[in-house]
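The primary structure of each chain is shown beneath.
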Amino acid sequence: MAGGSKEIRAKITSVTNTKKITKAMEMVAASKMRKAQARMYATRPYVEKVKRVINHVSSAHPEYKHPYTQARESVKRVALIVVSSDRGLCGGLNSNLFRKALPLFKQWQEQKVQVELALVGNKAQAFFRSYGGNVVATVSDLGDAPHIDDLVGTIKVVLDRYESGEVDEVHLAYNEFVNTMTQTPSIKQLVPLESETTDDESHWDYLYEPDAKTALNLLMRRYVESTVYGSVVENAACEQGARMIAMKNATDNAGEMINELKLSYNKARQAAITAELSEIVAGSSAV
């Protein structure tokens, strides 16, 4: 019984050390989450404003029709930009996103549509390396404060393939930040643009300088780049929120396990004491 008590004490020490680590990780994630949220809230207005302007421009019927606003007659190949985290220990954040994307993969396969992947983050690269897929671009190790310059190369690969006709649609998969407790996996079409302009906002007119083609080429690429960057920033906030919750749950579970181990240790210790007392009493009776 003494050996059992020793093993239980070792387990208690081990779980206690683990609890200290998860508690520290929870506090670090909470601090990083506040910074990530501030970065996300600072980015959202720009992304939303660019999207609003693009919706107006795409329905303004200028003298030049940009390829990003024209749907292809048949879709034979699509590109999917998947935004994931570089590190784990963030609950089901990445796995939920991948599970949402897989039915879309199967739907495309049934329609004989080929899929090309542009992967952001180490977790997406690891998953699709084992799952399979035609990966055309990757980027990882963006850090806690990602910069748009780190994404331009990957986005350019996808957009160049769309403009050359090698890809007929471009989609974006990422986690959308709802609140600290909730992160929703989302997949939306980037190109061709799906107009969301309402009737009372459809009367804008534009003068293009130097011309519509030059202005729209720059504006459309900036729209896609800012949208992907916004999704990366939003995913970073989701990652820290999910990690904070996961580490809090791990800390709580470790505390419950420690209480159970202490109870088992006390029972084993009491059993050992009772056995020793019984032996003493039996020896005295024999004498």
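See the structure printed just above.
A brief look at the structure comes next. Treat the numbers as computed from the prediction; the structure is a model and nothing was measured.

Rules used in this analysis
Sequence positions are assigned chain by chain, starting from 1 and proceeding in written order. Where totals are concerned, whole chains, interfaces and linings use all residues; where local detail is concerned, this predicted model gives features only for residues with pLDDT of at least 70, and gives and counts side-chain atom pairs only at 80 or more. Hydrogen atoms and water are omitted, and side-chain values are computed over all heavy atoms in the structure. Residue burial is assigned from relative accessible area. The probe radius is 1.4 Å, only protein chains are included, and a residue is buried under 20% of its type maximum, exposed over 50%, and partly exposed in between. Strands here are runs of E lasting at least two residues and helices are runs of H or I lasting at least four, both read from the DSSP assignment and numbered beginning at the N terminus. For this quantity, the arc is that covered by the directions from the helix axis to the C-beta atoms. Any two residues having at least one pair of non-hydrogen atoms within 4.5 Å are treated as being in contact. In the analysis that follows, any N or O atom pair within 3.5 Å is treated as a polar contact, provided that within protein one partner can donate a hydrogen and the other can accept it, and provided that, for residues neighboring in sequence, both atoms belong to side chains. Strands were regarded as paired on the criterion that DSSP finds at least two bridges between them. Convention adopted: a line fitted to C-alpha atoms gives each axis, helices being fitted over their contacting stretch, and angles between N-to-C directions are expressed from 0 to 180 degrees. Orient the strands so they point away from the viewer, and a crossover whose first-strand-to-second-strand path over the helix runs clockwise is right-handed. Criterion for a disulfide: a pair of cysteine sulfur atoms at a distance within 2.5 Å. Excluding any residue in a salt bridge, patches collect residues exceeding 30% relative accessible area, merging like charges within 9 Å and nonpolar Val, Leu, Ile, Met, Phe, Trp and Tyr side chains within 5 Å. The Shrake-Rupley method, run with a 1.4 Å probe, gives the accessible areas here. Residue values count only the displayed protein chains as cover. Salt bridges are identified by distance alone: a Lys or Arg side-chain nitrogen within 4 Å of an Asp or Glu carboxyl oxygen.

Considering helix H3 (residues 122-131)
Next up, step 1: Those residues of H3 not exposed but buried are Ala124, Gln125 and Phe128. The buried residues of H3 all sit within an arc of 100° when viewed along its axis, so they share a single face. Facing away from the buried side of H3, by more than 90 degrees, are the exposed residues Arg129 and Ser130.
Next up, step 2: Considering only its buried residues, H3 is in contact with strand E1 (77-83), helix H2 (93-110), strand E2 (114-120) and strand E3 (134-139).

Examining the side chain of Arg243
Next up, step 1: With respect to the helices and strands, Arg243 occurs in helix H5 (residues 212-286).
Next up, step 2: At 2.8 Å, the side chain of Arg243 forms a polar contact with the backbone oxygen of Gly88.

Concerning the sheet that holds E2
Next up, step 1: Spatially, five strands are ordered E3-E2-E1-E4-E5 in an open sheet, and the strand pairing comes out mixed. Each having just a single partner strand, E3 and strand E5 (182-191) make up the two edges of the open sheet. Across the sheet, the mean angle from the axis of one strand to that of its neighbour is 20°, orientation sign disregarded.
Next up, step 2: In the sheet, E1 pairs with strand E4 (residues 169-179) via five bridges, with the strands oriented parallel. Residue pairing for E4: Ile81 is matched across the bridge by Leu172.
Next up, step 3: Docked against the sheet, H2 engages E1, E2, E4 and E5, running at close to 35° with respect to E5.

Topic: the pairing of E3
Next up, step 1: In the sheet, E2 pairs with E3 via five bridges, with the strands oriented parallel. Within E3, the position partnered with Ala118 by the bridge is Ala137.
Next up, step 2: Once the chain exits E2 it traverses H3 before rejoining the sheet at E3, and the crossover so formed is right-handed.

So, the state of the cysteines
Such a bond, covalent and formed between the sulfur atoms of two cysteines, is termed a disulfide.
Next up, step 1: Enumeration according to the criterion identifies zero disulfides in this entry.
Next up, step 2: In this structure Cys90 is a free cysteine whose sulfur lies 10 Å from that of Cys238, the closest cysteine sulfur available.
Next up, step 3: Judged by its relative accessible area of 0%, Cys238 falls in the buried class.

Comments concerning a nonpolar patch on the surface
Next up, step 1: Nonpolar side chains collect at one region of the surface, where Ile273, Leu277 and Ile280 lie side by side and expose about 270 Å² of accessible area between them.
Next up, step 2: Position of Leu277 relative to the elements: it lies in helix H5.

Quick look at the pattern of salt bridges
Next up, step 1: Per the counting criterion, the structure on display carries 14 salt bridges.
Next up, step 2: The shortest N-O distance in the salt bridge between Arg72 and Asp168 comes to 3.2 Å. Highlighted residues: Arg72 in the loop between helix H1 (2-58) and E1 and Asp168 in the loop between helix H4 (149-163) and E4, separated in sequence by 96 residues.
Next up, step 3: With a closest N to O distance of 2.7 Å, Arg221 and Asp160 form a salt bridge. Taken as a pair, Arg221 in helix H5 and Asp160 in helix H4 lie far apart in primary sequence, 61 residues in all.
Next up, step 4: Given the relative accessible area of 27%, Asp160 is considered partly exposed.
Next up, step 5: Through salt bridges that share partners, Arg77, Glu116, Arg161 and Glu166 make up one connected network.

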